[in-house]
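Descriptive analysis of the structure
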Amino acid sequence: MTRLPLLNAETAPEASRTRVEKAQANNGFLPNLIGILANSPASLETYMTVGEINSRSGLTLQEREVIQITAASVHGCDFCVAGHSAIALKKAGFNKEQTIALQQRRALGDIRLDALANFTKAVIISRGNVSDGELADIRSAGYSDEQILGVVLGISLATLCNFANNLAHNTLNPELEPYATGALTL
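This report concerns the structure included in the present document. (Residues numbered from 1 in each chain as written. Predicted model: local features only at pLDDT ≥ 70, side-chain atom pairs only at ≥ 80, totals over all residues. Heavy atoms only, no water.)

Another aspect to go through is helix α6 (residues 96-103). Of all the residues in α6, the buried ones are Thr 99, Ile 100, Ala 101, Leu 102 and Gln 103. On its buried face, α6 sits against α4 (61-75) and α5 (78-90). Arg 105 occupies a position one or two residues after α6 and carries a positive phi of about 55°. (Buried < 20%, exposed > 50% of the residue type's maximum accessible area, 1.4 Å probe, protein only. Helix = DSSP H or I, 4+ residues; strand = E, 2+ residues; numbered from the N terminus. Contact = heavy atoms within 4.5 Å.)

If you want it as structure tokens, here you go:
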């Protein structure tokens, strides 16, 4: 049971309705995250606007999903772990083994993506105050300064979603349950 109302296109404030309808059309269902964020038109607008901006961060979809799943896992947001695991499998080209590894914060076996996951964790844990060595590691994996700041952008997007879900005690939509941590099997 959520601690904040789950709204839909009929119950959301007028300023949220168009975005709620767009999210439902894009997903084929209304993610509970959107139902929670709809309580605050500004929060929902921020989520959707920053999400679009994040897609232009200089990072590939696969790299952005590494950031999103890693951040959700570190922040303890089961909803976002499941939601982004679905994207990882359906759109970003990850297989089940890789997705499970991301959920469990284990190595993927890809030097570049592993460096990205490690850097994402370091940024969150240190609140951006990573060590010189951690910054050197991400650079030596081939990431530019633009992409490194794109990691921070992705974490900021994840933080909004992760914290809103955690605050609300949001439940998983049935459509996302097959992608929850522990639900994926090899």
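This paragraph deals with the environment of Ser 156. One can find Ser 156 in helix α9 (residues 145-168). With 109 residues separating them along the chain, Ser 156 and Tyr 47 place their C-alpha atoms 9.8 Å apart.

What follows deals with the side chain of Asn 173. Relative to the helices and strands, Asn 173 is located in the segment after α9. Within the structure, the side chain of Asn 173 is placed 2.8 Å from the backbone nitrogen of Asn 32, a separation counted as a polar contact. Asn 173 has contacts with Phe 29, Leu 30, Pro 31, Asn 32 and Phe 79, leaving out every residue within four places of it along the chain. (Polar contact = N/O pair within 3.5 Å; in protein donor to acceptor, adjacent residues only side chain to side chain.)

This model, assessed by the stated rule, comprises five salt bridges. Its salt-bridge partner being Arg 112, residue Glu 63 comes within 3.3 Å of it at the nearest N-O pair. Of this pair, Glu 63 sits in helix α4 while Arg 112 sits in helix α7 (residues 111-126), and the two are 49 residues apart along the sequence. According to the relative accessible area criterion, Glu 63 is buried, its value standing at 5%. The partner of Arg 139 in a salt bridge is Asp 145, and the shortest N-O contact between them spans 2.9 Å. (Salt bridge = Lys/Arg side-chain N within 4 Å of Asp/Glu carboxyl O.)

Turning next to the layout of surface pockets. When its volume is computed, the largest pocket comes out at roughly 1,100 Å³. As for the largest pocket, its lining consists of 32 residues, and the residues nearest its centre are Asn 27, Tyr 47, His 84, Ile 87 and Lys 91. Mapped onto the lining of the largest pocket, the elements with two or more residues apiece are α1 (14-27), α2 (32-37), α3 (41-54), α4, α5 and α9. For the lining of the largest pocket, the element with the most residues is α5, which contributes seven residues. Looking at the lining of the largest pocket residue by residue, the class counts come to 15 nonpolar, nine polar and eight charged. (1 Å grid on protein atoms, 1.4 Å probe; cavity = no way out; pocket = protein on both sides within 12 Å on 5 of 7 lines; lining within 4 Å. Points joined across faces, edges and corners; volume = space filled by probe spheres on them. Nonpolar A, V, L, I, M, F, W, Y, C, P; charged D, E, K, R; others polar.)

What follows concerns the packing of aromatic side chains. Throughout the structure, instances matching the rule amount to zero aromatic pairs. Taking NZ or CZ as reference, Arg 112 lies 3.8 Å from the ring centre of Tyr 143, over its face. (Phe/Tyr/Trp six-rings, centres within 6.5 Å; stacked < 30°, edge-to-face > 60°. Lys NZ or Arg CZ within 6 Å of the ring centre and 35° of its normal.)

We now examine the packing of α5 against α6. Where α5 meets α6, the axes come as close as 10 Å, and the angle between the chain directions of the two elements is 155°. By the angle class used here, α5 and α6 are roughly antiparallel. Helix-helix and strand crossings are classified by hand; for α5 and α6 the assignment is right-handed. In contact with Val 81, Ser 85, Ala 88 and Leu 89 of α5, α6 contributes Lys 96, Thr 99 and Gln 103. Of the residues contributing to the contact of α5 with α6, the split by class is three nonpolar, three polar and one charged. (Axes fitted to C-alpha atoms, helices over the stretch in contact; angles between N-to-C directions. Parallel < 35°, antiparallel > 145°, perpendicular 65-115°, else oblique. Left-handed = near helix turned anticlockwise from the far one by under 90°.)

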